[in-house]
Amino acid sequence: DTDKFLCVDPEGELRFRTGAEVASDIDAVAADANITFSGKLTASNGFTVSGDALNLADGVSAYIGTGGDLALYHDGTDSTILNSTGDLKIRSTVNSADAILIHANGGTTETIKIHADQGTSVTEGASSIQLLSDAGGVELKSTANLAKSIKLIADGGADETIYIQSDQGTGTDSIHLLSDAGGITLEAVSVNIPNHITASSGISISGSVQLGSSLTNAGADTDKFLCVDTDGEMRFRTGAEVASDIG
C-alpha cells in the first residue's frame, strides 16, 4: 500500500501507517469514547488545548447555541460576552448571601458600570435600568469614608428629574431619610413640599421660606402664630404666648 500516513503510536514514536491500518484504528474508537492528549493540540485559527485548559487566541470567539447566538471573546484589550438572540440572564438557585456577586478589585480607578445605550422608557416597571427585589429590600451601601461616597446624578438636560416614589406606603414615614450621626441637607434653587414635612429635632433653613398653603395646628387655642424662636426654630405659638412675648 503506497499510500502512507505519518502517525504517532501509543508509545510516542513517529511511524508511517497504511490507509488500511489508519481506517482500522479509526473504526476501533467508539463514537462516544474519550480522546486524551498528553501534549498540546493546536489549530491554525488560534485554538489550543493544553492540559486541562482550552485556550483561544485574541480575537477568536467561542460560540454557544445554534447559529452562534452567544459569543465569548477577548480582543486583546477587553473581554466580551455578546448575546444576539433572546435575553442574557445570569441566574443562581443558591440560597446564600452572595448568590450573585459582581466584584471589581483591580485598583483605585476601577468602576462597575451598568449602561443601557438606547432604552428611553421611564415608565414604572419598564424603565431602561431596573433594580427589582420581589421579596426583600434594595440596598445601596458604601463603606468608603468620602464626602460623596454614594451619589445619584442626573445630567441629561433642563427637564431632568430624580424621582423617589413610594407607591403603597400610607404612613407618615413611607419615605424615610435617616442620618445616624449627622444632618440631612437639601440644597437647591428652590424646594417644593406640596404636603408636609416633620422633623423631631427641628428644621434649619438658611434661605427664604415661601408658604403656598394654609398652616394649621390643632389645640385648645385655635388662633396660632408662626414664629421663629431664639434657637432659630419655626414654631406655632398661641395668641396669649405672643402677647406675653411682646410684653
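Note that the coordinates shown come from a computational prediction; the quantities given were computed from them, not determined experimentally.

Draft legend 1. Representation of the overall build of the protein in the model. When you go through the protein residue by residue, the secondary structure sums to 2 helices and 10 strands. Within the protein, the fraction of its 247 residues that count as buried is 4%. Put simply, of all contacts in the protein between residues at least 6 apart along the chain, 3% involve residues at least 24 apart. When the accessible area of the protein is evaluated, it comes to approximately 22,400 Å², of which 50% is carbon and sulfur surface.

Draft legend 2. Looking closely at the sheet that holds strand β6 (residues 62–64). Overall, antiparallel pairing links the 3 strands, which are arranged β6-β7-β8 in an open sheet. Whereas interior strands pair on both sides, the edge strands pair on one side only; in this sheet they are β6 and β8 (79–83). Adjacent strand axes in the sheet meet at a mean angle of 15 degrees, parallel and antiparallel pairs treated alike. Inspection of the sheet shows β6 paired to strand β7 (residues 70–74) by 3 bridges, in the antiparallel sense. By the bridge assignment, I64 is partnered in β7 with L70.

Draft legend 3. The environment of I164, seen in detail. Looking at the element boundaries, I164 is found in the loop between β8 and β9 (224–228). Taking the relative accessible area as the measure of exposure, I164 reaches 56% and is therefore exposed. Along the primary structure I164 and I175 are separated by 11 residues, whereas in three dimensions their C-alpha atoms are 8.2 Å apart.

Draft legend 4. Spatial organisation of the pairing of strand β1 (residues 4–8). As defined by bridge partners, β1 adjoins strand β2 (residues 14–18) across 5 bridges and the pair is classed as antiparallel. Looking across to β2, one finds that C7 is bridged to R15. With antiparallel pairing between neighbouring strands as the criterion, β1 and β2 make up a hairpin whose turn holds 5 residues, including G12 at a positive phi of roughly 85 degrees.

What counts and what doesn't
- Residues numbered from 1 in each chain as written.
- Predicted model: local features only at pLDDT ≥ 70, side-chain atom pairs only at ≥ 80, totals over all residues.
- Heavy atoms only, no water.
- Helix = DSSP H or I, 4+ residues; strand = E, 2+ residues; numbered from the N terminus.
- Buried < 20%, exposed > 50% of the residue type's maximum accessible area, 1.4 Å probe, protein only.
- Contact = heavy atoms within 4.5 Å.
- Areas by Shrake-Rupley, 256 points an atom, 1.4 Å probe, with all protein chains shown as cover.
- Pairing = 2+ DSSP bridges.
- Axes fitted to C-alpha atoms, helices over the stretch in contact; angles between N-to-C directions.

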